[in-house]
Protein chains: 2
Amino acid sequence: MPDVLILTEADLRACVRLDLPMVDAMAEAFARLSAGEVRMPPVLRLDVPEHNGEIDVKTAFVPGIDSIAMKMSPGFFNNPTLGLPSLNGLMVLLSARTGLVEALLLDNGYLTDVRTAAAGAVAARTLAPRGPGLTAGVLGAGTQARLQMEALALVRDLRQVLVWAREPAKAEAYARDMTSRLGLPVHPVASPEAAVAESDVVVTTTPSRQPLIHQDWLHPGLHITAMGSDAEDKGELAPEVLAAADLVVCDRIAQCAVLGELHHALDRGLSVSPVELGTLVHARDGARPSEEAVTVCDLTGTGVQDTVIATLAHAAAQRQGLGREFHA
Amino acid sequence: MPDVLILTEADLRACVRLDLPMVDAMAEAFARLSAGEVRMPPVLRLDVPEHNGEIDVKTAFVPGIDSIAMKMSPGFFNNPTLGLPSLNGLMVLLSARTGLVEALLLDNGYLTDVRTAAAGAVAARTLAPRGPGLTAGVLGAGTQARLQMEALALVRDLRQVLVWAREPAKAEAYARDMTSRLGLPVHPVASPEAAVAESDVVVTTTPSRQPLIHQDWLHPGLHITAMGSDAEDKGELAPEVLAAADLVVCDRIAQCAVLGELHHALDRGLSVSPVELGTLVHARDGARPSEEAVTVCDLTGTGVQDTVIATLAHAAAQRQGLGREFHA
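What counts and how
- Residues numbered from 1 in each chain as written.
- Chains lettered and ligands numbered in written order.
- Predicted model: local features only at pLDDT ≥ 70, side-chain atom pairs only at ≥ 80, totals over all residues.
- Heavy atoms only, no water.
- Buried < 20%, exposed > 50% of the residue type's maximum accessible area, 1.4 Å probe, protein only.
- Helix = DSSP H or I, 4+ residues; strand = E, 2+ residues; numbered from the N terminus.
- Pairing = 2+ DSSP bridges.
- Right-handed = clockwise from strand over helix to strand, strands pointing away.
- Least-squares fit on C-alpha atoms with pLDDT ≥ 70 in both.
- Contact = heavy atoms within 4.5 Å.
- Axes fitted to C-alpha atoms, helices over the stretch in contact; angles between N-to-C directions.
- Parallel < 35°, antiparallel > 145°, perpendicular 65-115°, else oblique.
- Left-handed = near helix turned anticlockwise from the far one by under 90°.
- Nonpolar A, V, L, I, M, F, W, Y, C, P; charged D, E, K, R; others polar.
- Disulfide = S-S within 2.5 Å.
- Buried area = accessible area lost by both parts, 1.4 Å probe.
- Salt bridge = Lys/Arg side-chain N within 4 Å of Asp/Glu carboxyl O.
- Domains from an automatic or database assignment.
- Polar contact = N/O pair within 3.5 Å; in protein donor to acceptor, adjacent residues only side chain to side chain.
- Expected span 1.5 Å × (residues − 1).

1. With respect to the pairing of strand E7 (residues 134-139) of chain A
Residues and elements named next belong to chain A. Burial analysis of E7 places six of its six residues in the buried class, which makes it a mostly covered element. Where burial is concerned, the two faces of E7 agree: the one with Leu134, Ala136 and Val138 and the one with Thr135, Gly137 and Leu139 are both buried. Bridge count for E7 against strand E8 (residues 158-164) is six bridges, and the pairing is parallel. If you follow threonine 135 over to E8, its bridge partner there is glutamine 160. A crossover connection joins E7 to the parallel E8 through helix H4 (residues 143-155); in handedness this β-α-β unit is right-handed. In terms of strand pairing, E7 meets strand E10 (residues 201-204) through four bridges, oriented parallel. The partner of alanine 136 across the bridge, within E10, is valine 201.

2. Notes on the relation of the copies chain B and chain A
Least-squares fitting of chain B to chain A yields an RMSD of 0.0 Å, with the superposition described by an axial translation of 0.0 Å and a rotation of 180°. Here the symmetry operator amounts to a two-fold rotation axis. Minimal C-alpha distance to the rotation axis in chain B is attained by Leu44(B), lying at 2.9 Å. Interface overlap between copies: 100% of the residues of chain B at the interface are likewise at the interface in chain A, consistent with a symmetric, same-surface contact.

3. Focus on the sheet that holds strand E13 (residues 275-276) of chain B
Picture the strands of a sheet paired through backbone hydrogen bonds; they go either parallel or antiparallel. If you walk across this open sheet you meet the eight strands as E9-E8-E7-E10-E11-E14-E12-E13 (chain B), and the pairing is parallel. Strand pairing shows two members of the sheet lacking a second neighbour, strand E9 (186-188) and E13 of chain B, which therefore form its edges.

4. Quick notes on the packing of helix H2 (residues 20-34) of chain B against helix H10 (residues 303-320) of chain B
What describes two packed helices is the angle between their axes and the distance between those same axes. Residues and elements named next belong to chain B. Where H2 contacts H10, the axes come no closer than 9 Å and their chain directions differ by 140°. One element, H2, and the other, H10, form an angle in the oblique class. In the packing of H2 onto H10, the handedness of the crossing is right-handed. Note on element contacts: H10 touches H2 through Val304, Gln305, Val308, Ile309 and Leu312, opposite Met22, Ala25, Met26, Ala29, Phe30 and Leu33. By residue class, the composition of the contact of H2 with H10 is 10 nonpolar, one polar and no charged.

5. Description of the state of the cysteines
In protein chemistry, a disulfide is the covalent bond that joins the sulfur atoms of two cysteines. By the definition in use, this model includes zero disulfides over all chains. With no disulfide partner, Cys297(A) has as its closest neighbouring cysteine sulfur the one in Cys250(A), 7.4 Å distant. Unpaired in terms of disulfides, Cys250(B) finds its nearest cysteine sulfur in Cys256(B), a separation of 3.8 Å.

6. Regarding the interface of chain B and chain A
Taken together, the contact between chain B and chain A spans 48 residues of the former and 48 residues of the latter. Taken together, both faces of the contact between chain B and chain A bury some 4,200 Å²; the carbon and sulfur share is 76%. Sorting the residues of chain B by area buried against chain A places Leu44(B), Leu46(B) and Phe326(B) first, and these three jointly supply 14% of that buried surface. Counting every contact that joins chain B to chain A gives two salt bridges. Here Arg39(A) and Glu50(B) are joined by a salt bridge, their closest N and O atoms 2.9 Å apart. Going through the elements one at a time, strand E1 (4-8), strand E2 (44-48), strand E3 (53-59), strand E4 (67-76), strand E5 (90-95), strand E6 (101-106) and strand E15 (324-326) of chain B are the ones with two or more residues in the side of chain B that touches chain A.

7. Thoughts on the domain arrangement of chain A
All names here are of chain A. Here chain A is described as being made up of domain 1 (4-112 + 304-326) and domain 2 (129-301). The C-alpha centroid of domain 2 is placed 24 Å from the C-alpha centroid of domain 1. Contact residues are listed per partner, giving 18 residues for domain 1 and 21 residues for domain 2. Both faces combined, the contact of domain 1 with domain 2 buries some 1,500 Å², and carbon together with sulfur accounts for 60% of it.

8. As for the side chain of Gln160(A)
Residues and elements named next belong to chain A. Considering the arrangement of structural elements, one finds glutamine 160 in strand E8. Engagement of the side chain of glutamine 160 in a polar contact is seen with the side chain of threonine 135, the distance being 3.2 Å. Apart from residues lying up to four places away in sequence, glutamine 160 is in contact with Leu134, Thr135, Ala136, Leu184, Pro185 and His187.

9. With respect to the side chain of His264(A)
Residue and element names in this part refer to chain A. In this structure, histidine 264 sits in helix H9 (residues 261-267). Take histidine 264: its relative accessible area is 19%, and that puts it in the buried class. At a separation of 2.5 Å, a polar atom in the side chain of histidine 264 contacts the main-chain carbonyl oxygen of lysine 234. For histidine 264, the residues in contact, after removing those within four places along its chain, are Glu232, Lys234, Gly235 and Pro239.

10. Focus: the pairing of E6(B)
Looking down a regular strand, the side chains alternate between one sheet face and the other. All names here are of chain B. Most of E6 is tucked away, with five of its six residues classed as buried. For E1 and E6, the ladder comprises four bridges, and the chain directions are parallel. Following the sheet pairing, threonine 8 is matched in E6 by leucine 106. Here four bridges tie E5 to E6, and the two strands are oriented antiparallel to one another. Bridged to valine 92 within E6 is leucine 104.

11. What about the pattern of salt bridges?
Residue and element names in this part refer to chain B. Considering all chains together, one arrives at 36 salt bridges over all chains under this definition. Aspartate 47 is paired through a salt bridge with arginine 45; the nearest N and O atoms lie 3.2 Å apart. What makes aspartate 47 partly exposed here is its relative accessible area of 32%. Assessed through its relative accessible area of 18%, arginine 45 is described here as buried.

12. Observations regarding helix H2 (residues 20-34) of chain A
Residues and elements named next belong to chain A. Spanning 15 residues, H2 covers 21 Å between terminal C-alpha atoms, matching the ideal 21 Å at 1.5 Å per step. Those residues of H2 that sit buried are Met22, Val23, Met26, Ala27, Ala29, Phe30, Ala31 and Leu33. Check the buried side of H2 and you find it contacts helix H3 (110-127), H4, strand E13 (275-276) and helix H10 (303-320). Immediately downstream of H2, the backbone of glycine 36 shows phi near 80°, a positive value.

13. Overview of the environment of Leu242(A)
All names here are of chain A. Relative to the helices and strands, leucine 242 is located in helix H7 (residues 239-244). Spatially, the C-alpha atom of leucine 242 lies 9.5 Å from that of valine 294, the residues being 52 residues apart in sequence. Excluding anything up to four places from it in sequence, leucine 242 contacts Leu237, Val248, Glu261, Leu262, Ala265 and Val272.

14. Observations concerning the packing of helix H3 (residues 110-127) of chain B against helix H4 (residues 143-155) of chain B
Residues and elements named next belong to chain B. Where H3 meets H4, the axes come as close as 8 Å, and the angle between the chain directions of the two elements is 45°. Between H3 and H4, the crossing angle belongs to the class labelled oblique. In terms of crossing hand, the pair formed by H3 and H4 is right-handed. Taken together, the residues of H4 that come into contact with H3 (itself represented by Thr112, Asp113, Thr116, Ala117, Gly120, Ala121, Ala124 and Arg125) are Thr143, Gln144, Leu147, Gln148, Ala151, Leu152 and Val155. When its residues are assigned to classes, the contact of H3 with H4 shows seven nonpolar, six polar and two charged.

15. Quick notes on the sheet that holds strand E15 (residues 324-326) of chain A
All names here are of chain A. On the basis of which strands lie adjacent, the open sheet formed by seven strands has the order E2-E3-E4-E5-E6-E1-E15 and mixed pairing. Whereas interior strands pair on both sides, the edge strands pair on one side only; in this sheet they are strand E2 (44-48) and E15. If you compare each strand with its neighbour and ignore which way they point, the axes differ by 15° on average. Looking at chain direction, strand E4 (residues 67-76) and strand E5 (residues 90-95) are connected through six bridges and run antiparallel. Bridge assignment links methionine 70 to a residue of E5, and that residue is valine 92. On the sheet, H3 packs against strand E3 (53-59), E4, E5 and strand E6 (101-106) and is oriented at approximately 100° with respect to E4. Each of strand E1 (4-8), E3, E4, E5 and E6 touches H10; the most contacted strand, E4, lies at about 110° to it.

This is the structure:
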């Protein structure tokens, strides 16, 4: 058997970063997904309620990409009480020609973080108001809340960021850290409503099971990207928000109809006609229906993103001579 | 993060074997599955017809077992032309309490081979005629055809084995090797019909998409275990065989109804009332309805078997000091 390349989180942080080429790669991934070129089975999900845990497996085959990632994402939400992070994971990269294991990417969720943030940048580039000088709001103050604002700053000129989190101390820490990281003012706000009221672009990054954003807060020229929901019982937007929006965009319609914000709107029998992100990413001037439109993007996370980032990471690590060959 | 233990195929061959304790462990796994204690999502399957390949992912959470295996099984059937085996795979062992990766079992499919053969032994111990001096027939001459007869010999006294394979040279090689391995006569036969006619127990081990065994060959006192089908389009038994049998047993009814022999019988609208293997494994005198009965066991392979064998392998490797710790 050929050797297997083992890459640690440190290796992967050294060769993969959130930058415009990564955003472009994700845009292309969505385009190919929506063009019907990708074979992507439904997410495998194992719930472990005994330990407040869940494990998702995502994968996709992309013609022309010689590898397939199998991505395992565990979320075990008692971990912080044990001094461990809630989210973890690894990716296994298999040859698309032979099925042999090419690499083990022990990323502890880092690659998922980057590809998820990059998808947020694709959504913003396609749907957010053009600016300059936008105000961005973010709900949540964790890793994705940080990365999503870095991603947004890659594709839009921001004037300020407003952050809301359930625990005010976390929003304050976020504001401190991100002010220096983004090089612009970041202010905590007292409620989701306050964040939405002032913002041109809002990104929701929480695992909430209760809607955080309500229809009567919507205002002309608002774009919302909701990336927190990836399970039947999660949802950050009141279903009426989707019904009221001028345009609803999904990373994968079939998946959002089960796991995303779209799911709850359909459950209520609301009239929503979603469009798939990949059909819009090549629109030269973006896809906002008008300056005053309200747009929503529902991101659930797709296996095609995992196959793309894992393949890029493997190639970059090989170029840089990172990792350790393991004779299996 | 805690270290990850990496185990190679050689490590795993040194600490895991097909023996009666393994058969007992699988029997217990099936019992718990049928008792509703196990959480086992449907198999994730990715087809790669461009390269004549497929990848399955299986998993299960078993209360009381502190680890969860995620098992990836690629089958790429052009591989032999490249000098590579068709079947491969690995298992990732995650903590059921934290989701952290505990071990990577780079077994190239060895553990799947063993747990599949052990399931065959469970089926035979539960359903095959008692003997002594049974004649066993096997269809196929690959790794599972070998392991299934070794497994059968653990639980039944055999007089002889009859082997049929599509390529007669393979059946002849099988007969040579297995005569010495099993210590009893192994004879190639010219057709599946010849194997069934003479046998008390038949095990089918092929990836056939055409039925190999037909209803009018059935005779009193015959048990058949079909373990080859694990996909919608595979099937080794004519659907009428299931309808004609006195007892049809499935490793997992819901899964056999999609991926197994049961699937084709249900598709034809035939009347079959399957029983789940785990409900029968503790029957003290087996579960044959009568000496003359015809019984069929449909094995599709279950994630609970993977979690059980991976957990046993991890513990055995730790006891023997095998593998290499890897700081991720």
